[in-house]
Amino acid sequence: MDHNSYKTTYATKATVEKGWVIVDANAQVLGRVASQVAKVIRGKHKTSYSPHVDCGDHVIVINAEKVRMTGKKWTDRVIFTHSGYPGGQREHTPTLIRSKHPERLIEHAVRGMLPKNRLGRELFRSLHVYAGAEHPHQAQQPKELKF
């Protein structure tokens, strides 16, 4: 038997085919939607998954303002931000974030589920979140993904 017949092929940046997927977050639980979105962005749903390569799809999340949280998390959870200056730490509740920038709730949840390195920062650029039902990516012909 030829020893080259079972050569394992790895995905590289040149061989990866990145598609576009649209997810409707209307009445979905935040963490459950975020974990599925992170899996698609990472590329773990593909057979050609490689952990050191950006092989995931671009994900468009619409209706971010209509996402759900269970229990009293809207008022009791605290999300911290820091401006980078001394004494620049701020506390925000999800209710306050949703009233000003509803897309940041999903971005924050998904970012926490991605790797904390250069690859994770590159993967995060594949996430496109919009508060309403409209998005400017119609030309990419995204496929709808149901969870």
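These remarks concern the structure in this document. (Residues numbered from 1 in each chain as written. Predicted model: local features only at pLDDT ≥ 70, side-chain atom pairs only at ≥ 80, totals over all residues. Heavy atoms only, no water.)

With respect to the overall build of the protein chain
Here comes step 1: Looking only at helices and strands, the protein chain has 5 helices and 6 strands in total.
Here comes step 2: For the C-alpha atoms alone, the extent of the protein chain along its principal axes is close to 65 × 40 × 30 Å.
Here comes step 3: Each of the 147 residues in the protein chain was classed as buried or not, and the buried ones make up 38%.
Here comes step 4: A separation of at least 24 residues holds for 67% of the contacts in the protein chain among residues at least 6 apart in sequence.
Here comes step 5: Across the protein chain, 24 positive and 13 negative side-chain charges occur, with their mean positions spaced 6 Å apart. (Helix = DSSP H or I, 4+ residues; strand = E, 2+ residues; numbered from the N terminus. Buried < 20%, exposed > 50% of the residue type's maximum accessible area, 1.4 Å probe, protein only. Contact = heavy atoms within 4.5 Å. Lys, Arg positive; Asp, Glu negative; His and termini not counted. Charge placed at Lys NZ, Arg CZ, Asp CG, Glu CD.)

Focus on the packing of aromatic side chains
Here comes step 1: A complete count under the given rule lists 0 aromatic pairs for this structure.
Here comes step 2: Across from the ring centre of Trp74, 4.0 Å away, lies the NZ or CZ of Arg98, which sits over that ring. (Phe/Tyr/Trp six-rings, centres within 6.5 Å; stacked < 30°, edge-to-face > 60°. Lys NZ or Arg CZ within 6 Å of the ring centre and 35° of its normal.)

Re the pattern of salt bridges
Here comes step 1: All told, the structure shown has 4 salt bridges when counted by the stated rule.
Here comes step 2: A salt bridge links Asp57 to Lys46; the nearest nitrogen and oxygen atoms lie 3.0 Å apart. Linking Asp57 in the loop between α1 (30-42) and β2 (58-62) with Lys46 in the loop between α1 and β2, this pair joins segments that are 11 residues apart in sequence. Taken individually, Asp57 and Lys46 each receive the classification buried, so the pair is uniform in this respect.
Here comes step 3: Of the charged contacts in the structure, one is a salt bridge between Arg125 and Glu122, with a shortest N-O distance of 3.5 Å.
Here comes step 4: Accessibility expressed as a relative area gives 32% for Glu122, which makes it partly exposed. (Salt bridge = Lys/Arg side-chain N within 4 Å of Asp/Glu carboxyl O.)

Regarding the pairing of strand β3 (residues 79-82)
Here comes step 1: Judged from the 4 bridges that link them, β3 and strand β4 (residues 89-92) form a sheet pairing that is antiparallel. Paired with Ile79 across the bridge in β4 is His92.
Here comes step 2: In this antiparallel pair of consecutive strands, β3 and β4, the connection spans 6 residues, and Gly84 shows a positive phi of 100 degrees. (Pairing = 2+ DSSP bridges.)

Some details on helix α4 (residues 103-111)
Here comes step 1: For α4, the complete set of buried residues consists of Leu105, Ile106, Ala109 and Val110. In a view along the axis of α4, the buried residues occupy a sector of 120 degrees, so they form one face of it. (Arc of directions from axis to C-beta.)

Re the sheet that holds strand β1 (residues 20-24)
Through backbone hydrogen bonds, the strands of a sheet pair up, either in parallel or in antiparallel fashion.
Here comes step 1: What the 4 strands build is an open sheet, ordered β5-β2-β1-β6; its pairing is parallel. Taken across any chain shown, the strands that pair with only one partner, and hence form the sheet edges, are β5 (127-129) and β6 (143-144).
Here comes step 2: Note: β1 against β2, 5 bridges, orientation parallel. Looking across to β2, one finds that Trp20 is bridged to His58.
Here comes step 3: Where α1 meets the sheet, its contacts fall on β1, β2 and β5, and the angle it forms with β2 comes to roughly 155 degrees.
Here comes step 4: Packed onto the sheet, α4 meets β2 and β5 and runs at close to 155 degrees relative to β5. (Axes fitted to C-alpha atoms, helices over the stretch in contact; angles between N-to-C directions.)

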